[in-house]
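Breakdown of the fold
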Amino acid sequence: MKRRISILSAIVLILLAAGGLLWLHCSGKEGGPSEIVENSSYGCSFNSPGPRLRRVLLLAGTPDPLSRRAAKYTAEELRRIVPADVRVEYRDPFTASAPQERLADILTLLVSAAEPVEAAAAENADRLSFRCDAAFRNYGGFVFRNWKGLSYSSGDGHYPFKTVTVSVPPGARMAAIRLAARKLAGECRRTVSGTMDRYRMPELLYSHLAAPEGFPEIPGGILLQRGTAPDLRCMELWYVPAGNDPAARRDELLAFLQRQGFEPREPERRYLPETGELTAIPLRGGDRFSGALITPLPFPEQWQGRATLRPPACFLLYLMERESAVPAPETVRRLRLQHPLAFLQLNGVRSASEQELPECFDRILALPELTLDDRLLLYSHSERKSPSPAIIDRRQRLLASIIDRIAAKQGNPSQFSSDVSSLLSTLQFNRRTTPEQEKQLGRLASLLLKIDEKELCPEGRTFFVPTSGRPCVALLIPVPQTVGQYCLVIAPEQDVVYPKVAFRHQNFDQRGFEWGGSSGVKSEFGIDSTASQYALRVEWTRHSERGQYEIRIAYTPPDAGKKGN
């Protein structure tokens, strides 16, 4: 009897264990780990790269707990993956006051939760969405030209607006937020990494600034960030809740700003991925004061597109006072002598005198961290109308070393073609090619494929180019009725299994200036399908078995393109 009971007990235990395992399996299958459902970026570089980032500051873009947690998690994730000398901080601007900052080498990011629009709310009930944006990208970053012979800009314009949507299985809410934060941090790491070859912002570039006074407190607003930059006496970013009547709140804000001396200008569109177009209202206050009010109100007659997320339920207000003083000549001299990389990347070589240039040239070339882009910049900015023999000799030797460095990378077609493209741009191959320019290229001149203007036609012409000895092909295509030409370097795509067809479609206006285009990969040639949309169409593929590139080029004058629409 006891033995029978023991057997029955064992069977029951086995069944219970099996049932438990089955429940765990089904439960795991139903919930599963959180996953990224949607991931989008939008943006372009508004200015030249700024200095090496010293600090990344994560702020909650809105005061709700979800936004605060996402911003905090993003800071934690980012801190693990950026260089140790880049400080990553999280600050809750709704509970901690904004200190005065030196903004030139700080990337300030606003992280906030995003709500789906009504049409998508039901199907997205088990999802969370977040947006992340550089705080001052909305205002185009800082860009200053012809500033005592220097050219300074911040790096904010290089962080793209980003949205990410993650699934939220039962019981996995915190894991889902962490996953979204990890994705946002990865995007930020790329921005930080892109500044590692840049100069460190010298303290002496702040020496001429007058003490900032700040702006009047905005009624109902929260100060998110404030500070100075080499050309800014004061810059402030305010968060203002939209309330139940955003239009009335906007009018109140504009009336208050007008009383402070700011005049609103014609509204502008500001496009956000997933949310459609919003309205940006520029503000002007004389020669030194400016600003912008970013509203949550759609731009009139906006194209709704496939908007799935609501815009933030707040106003972002940017206020700026430019610094009228400029660095003293002694400051610029110290910059040239003590910070040669900063002097180069701030475009100071352009303004160096004939007497200063040789020493400046040698000091820069002695830097061990100099990149190919730095060398190209030095070559370009050291050009003079009547150079001395010392400068001619230095530039010739520099160009020869640049060509040697590029030629050594032929085993990496992607990097090689990118470097060749940079070299051709520096040597101004976007203009008509001269024998002197070709001679400057040395052994790389064999990469050139010059297209005669007579060979351009709307229906397209095909060219076959041997691949032997050509890691890439540098196409020089004249733009008819202009003094310029289009320079395009093509090479095998690393991620493409040929015979796929790569393409580049480029628009030109009647003066020959580029104003947009597109590129990508497709399955076959289709050069006639875009004849009414693009002025220049280049499509190519690589036939490994035949050892040649097949390149098709077609050109449609802008006027003819318009008539074809």
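From a predicted model like this one, the values you see are computed outputs, not experimental measurements.

1. Quick notes on the nonpolar core
Within the largest apolar cluster, 103 residues are counted, with the highest numbers of intra-cluster contacts made by Val-56, Phe-130 and Leu-423. Residue contributions to this core peak at 9 residues, all from helix H4 (residues 173-193). When near neighbours in sequence (up to four residues on either side) are disregarded, Val-56 contacts Leu-78, Val-86, Arg-87, Val-88, Glu-89, Leu-107, Leu-109, Cys-188 and Val-192.

2. Some remarks on the pairing of strand E6 (residues 127-134)
Of all 8 residues that make up E6, 7 are buried, and the element is covered over most of its length. Strand direction decides the pairing type here: strand E5 (residues 106-114) and E6, joined by 6 bridges, are antiparallel. By the bridge assignment for E6, Ser-112 is matched with Arg-131. Bridge analysis of E6 against strand E9 (residues 161-167) gives 6 bridges, and the strand direction is antiparallel. Its bridge partner being in E9, Leu-128 is matched across the sheet by Val-166.

3. Here we look at the environment of Cys-234
Tracing the chain through its elements places Cys-234 in strand E11 (residues 232-241). Linking Cys-234 and Gly-214, residues 20 residues apart in sequence, is a C-alpha distance of 6.3 Å. Those residues in contact with Cys-234 that lie beyond four places of it in its chain are Pro-212, Gly-214, Phe-215, Gly-227, Leu-319, Met-320 and Glu-321.

4. Re helix H5 (residues 246-259)
Helix length check: H5, at 14 residues, gives a terminal C-alpha distance of 20 Å against a target of 20 Å (1.5 Å per residue), a fit within 8%. Looking at H5, one finds that the buried residues are Arg-249, Leu-253, Leu-254, Phe-256 and Leu-257. For H5, the angular spread of the buried residues around the axis is 160°, confining them to a single face. Positive backbone phi, approximately 100°, marks Gly-261, located one or two places after H5.

5. Let's talk about the packing of aromatic side chains
Applying the stated criterion to the full structure yields 4 aromatic pairs. A centroid spacing of 6.2 Å and a plane angle of 75° characterise the contact between Phe-215 and Phe-289, whose relative ring orientation is edge-to-face. Placement of the pair is Phe-215 in the loop between H4 and strand E10 (222-229) and Phe-289 in strand E15 (residues 289-298), with a sequence separation of 74 residues. According to the relative accessible area criterion, Phe-215 is buried, its value standing at 13%. A residue is classified by how much of its surface remains accessible, and Phe-289, at 26% relative accessible area, is partly exposed. Taking the centre distance of 6.4 Å and the plane angle of 85° together, the rings of Phe-262 and Phe-289 count as edge-to-face. On the criterion of sequence distance, the pair formed by Phe-262 in the loop between H5 and strand E12 (263-264) and Phe-289 in strand E15 is long-range, its members being 27 residues apart. An aromatic cluster of at least three residues, connected via ring pairs, comprises Phe-215, Phe-262 and Phe-289. The ring of Tyr-206 is capped by Arg-102, whose NZ or CZ atom sits 4.4 Å from the centre of that ring. The aromatic ring of Tyr-379 is capped on one face by Arg-395, whose charged end is 4.0 Å from the ring centroid.

6. A short note on the sheet that holds strand E20 (residues 485-490)
Spatial ordering of the open sheet is given by E17-E19-E20, a layout of 3 strands whose pairing is mixed. Here the strands that pair on one side only, and so sit at the sheet edges, are strand E17 (448-450) and E20. Going from strand to strand, the sheet's axes swing by 20° on average, the running direction of each strand aside. Pairing of E17 with strand E19 (residues 473-478) involves 3 bridges; the strand directions are parallel. Note on E19: the bridge partner recorded for Leu-449 is Leu-475.

7. Considering the confidence of the model for the chain
Parts of the prediction with low pLDDT should not have their coordinates interpreted in detail. Per-chain confidence: the chain averages 81 in pLDDT, with 78% of residues scoring 70 or above. Confidence over residues 140-146 falls short of pLDDT 50; this stretch has 29 contacts with residues more than four positions distant or in other chains. Contacts for the low-pLDDT stretch residues 301-306, under 50 throughout, to residues beyond four places or in other chains number 5 contacts.

8. Observations concerning helix H11 (residues 413-426)
With 14 residues, H11 ought to run about 20 Å at 1.5 Å a step, and its terminal C-alpha atoms sit 20 Å apart, in line with that. On the buried face of H11, the contacting elements are helix H9 (372-381), helix H10 (389-407), helix H12 (435-441), E17, E19 and E20. Of the residues flanking the end of H11, it is Gln-428, one or two places downstream, whose phi is positive at about 60°.

9. A few points about the pairing of E9
Among the 7 residues in E9, 7 count as buried, and that is most of the element. Side chains Phe-161, Thr-163, Thr-165 and Ser-167 project from E9 onto one buried face, and the interleaved Lys-162, Val-164 and Val-166 project onto a second face that is buried too.

10. Side note on the packing of H9 against H10
At a closest axis distance of 10 Å, the pairing of H9 and H10 adopts a crossing angle of 150°. What the angle tells us is that H9 and H10 run roughly antiparallel. Once H9 is placed against H10, the crossing between them reads as left-handed. Side by side, H9 and H10 meet where Leu-372, Arg-375, Leu-376, Leu-378 and Tyr-379 of the first sit next to Arg-395, Leu-398, Leu-399, Ile-402, Arg-405 and Ile-406 of the second. Grouping the constituent residues of the contact of H9 with H10 by class yields 8 nonpolar, no polar and 3 charged.

What counts, and where the lines are drawn
- Residues numbered from 1 in each chain as written.
- Predicted model: local features only at pLDDT ≥ 70, side-chain atom pairs only at ≥ 80, totals over all residues.
- Heavy atoms only, no water.
- Core = buried A, V, L, I, M, F, W, Y, C linked by side-chain atoms within 4.5 Å.
- Buried < 20%, exposed > 50% of the residue type's maximum accessible area, 1.4 Å probe, protein only.
- Helix = DSSP H or I, 4+ residues; strand = E, 2+ residues; numbered from the N terminus.
- Contact = heavy atoms within 4.5 Å.
- Pairing = 2+ DSSP bridges.
- Expected span 1.5 Å × (residues − 1).
- Arc of directions from axis to C-beta.
- Phe/Tyr/Trp six-rings, centres within 6.5 Å; stacked < 30°, edge-to-face > 60°.
- Lys NZ or Arg CZ within 6 Å of the ring centre and 35° of its normal.
- Axes fitted to C-alpha atoms, helices over the stretch in contact; angles between N-to-C directions.
- pLDDT = per-residue confidence, 0-100.
- Parallel < 35°, antiparallel > 145°, perpendicular 65-115°, else oblique.
- Left-handed = near helix turned anticlockwise from the far one by under 90°.
- Nonpolar A, V, L, I, M, F, W, Y, C, P; charged D, E, K, R; others polar.

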